Amino acid sequence: MPVKPLYKVVEQYIRQRITDGELVPGDLIPSESRLSESLSVSIGTVRKAIDLLEQEKLLFRHQGKGTYVSRVDFDRSLFRFFTYGTASGEATRIHKLTPLRERISGTADICKHLAVPVGTSLIYIERVGYDDEEQPVLVEKCWWLADIVGGLENNDLHIPDLLYAIIEEKFGVHVVRAEETLTADIADALIAKTLNINEGDPLVVLRRITHATNDRIIEYRVTQGRPDRFSYKTEI
């Protein structure tokens, strides 16, 4: 029996994780170096496997920010909302986990940003972003209108790294544009513990208001990041 080429082993490994639902559209796959190490193959072998899967549109390379699970009709324009970088402004991979999600009644401040009445039913999502060194670099807090994404609070629903991918695929909501404001703050005790920094250390703060079709506001987001590992980058 002929020996299977190593790049085919890597290709099959990634494909199987997608087929089994371990990775879904919008998820980052493991980095090339991690795949190389875990599968005991060269970086070149990993890249060849990824190239083949990208040709099939099962994967999408976002330059400098990692390779994501895709599909033939995946809306790649969603990546324009990914504006994070390293402290020096270079593109970077940020893998996100979701430790908290719940349905809540909106407070006056949050509802003001969403342009809805106080007490409106919202879905609160809190995520922590990690770099390739597995260091926490940001905390992302999102408030969504529950009448649009009801069910997003269920823990059995996997939220991919690119959150907007599931918003479009699962809920049929097309993200059209976002308004962002960049500010600074200092870390409170909880954020400091999450990001492994000291209380009172400086933070980069990015506030976003997300719009869907017909310019309806659907999300208010606050991202707090470590300035030594996180930056915001855009083009004008």
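From a predicted model like this one, the values you see are computed outputs, not experimental measurements.

**Student:** Help me get a handle on the nonpolar core, residues and values and all.
**Tutor:** Membership of the largest hydrophobic core comes to 39 residues, with the highest contact counts inside it found for Leu114, Trp143, Trp144, Val149, Leu152 and Ile167. Where this core is concerned, the elements lending two or more residues are helix H4 (108-114), strand E5 (121-130), strand E6 (136-145), helix H5 (146-149), helix H6 (163-171), helix H7 (189-195), strand E8 (202-212) and strand E9 (217-225). Once residues within four sequence positions are removed from consideration, Ile167 is found in contact with Trp144, Val149, Leu152, Gly172 and Val173. Counting 13 residues, the second-largest nonpolar core is a separate cluster that includes Val10, Leu35, Leu59 and Val69.

**Student:** I'd like to hear about helix H1 (residues 6-19), residue by residue, with values.
**Tutor:** For H1, built from 14 residues, the straight-helix expectation of 20 Å at 1.5 Å per residue is met to within 8% by its first-to-last C-alpha distance of 20 Å. Listing the buried residues of H1 in full gives Val10, Glu11, Ile14, Arg17 and Ile18. Relative to the axis of H1, the buried residues are bounded by an arc of 130° and lie together on one face. Phi for Gly21, located one or two positions after H1, is positive at around 85°.

**Student:** Provide a residue-level description of unusual backbone geometry, including the pertinent values.
**Tutor:** Notably, Asn214 is not glycine yet its phi reads approximately 65°, a positive angle. In this structure, Asp215 is a non-glycine residue whose phi angle is positive, near 65°. Within the secondary structure layout, Asp215 lies in the loop between E8 and E9. Its relative accessible area of 42% is what places Asp215 among the partly exposed residues.

Conventions and cut-offs
Residues numbered from 1 in each chain as written. Predicted model: local features only at pLDDT ≥ 70, side-chain atom pairs only at ≥ 80, totals over all residues. Heavy atoms only, no water. Core = buried A, V, L, I, M, F, W, Y, C linked by side-chain atoms within 4.5 Å. Buried < 20%, exposed > 50% of the residue type's maximum accessible area, 1.4 Å probe, protein only. Helix = DSSP H or I, 4+ residues; strand = E, 2+ residues; numbered from the N terminus. Contact = heavy atoms within 4.5 Å. Expected span 1.5 Å × (residues − 1). Arc of directions from axis to C-beta.

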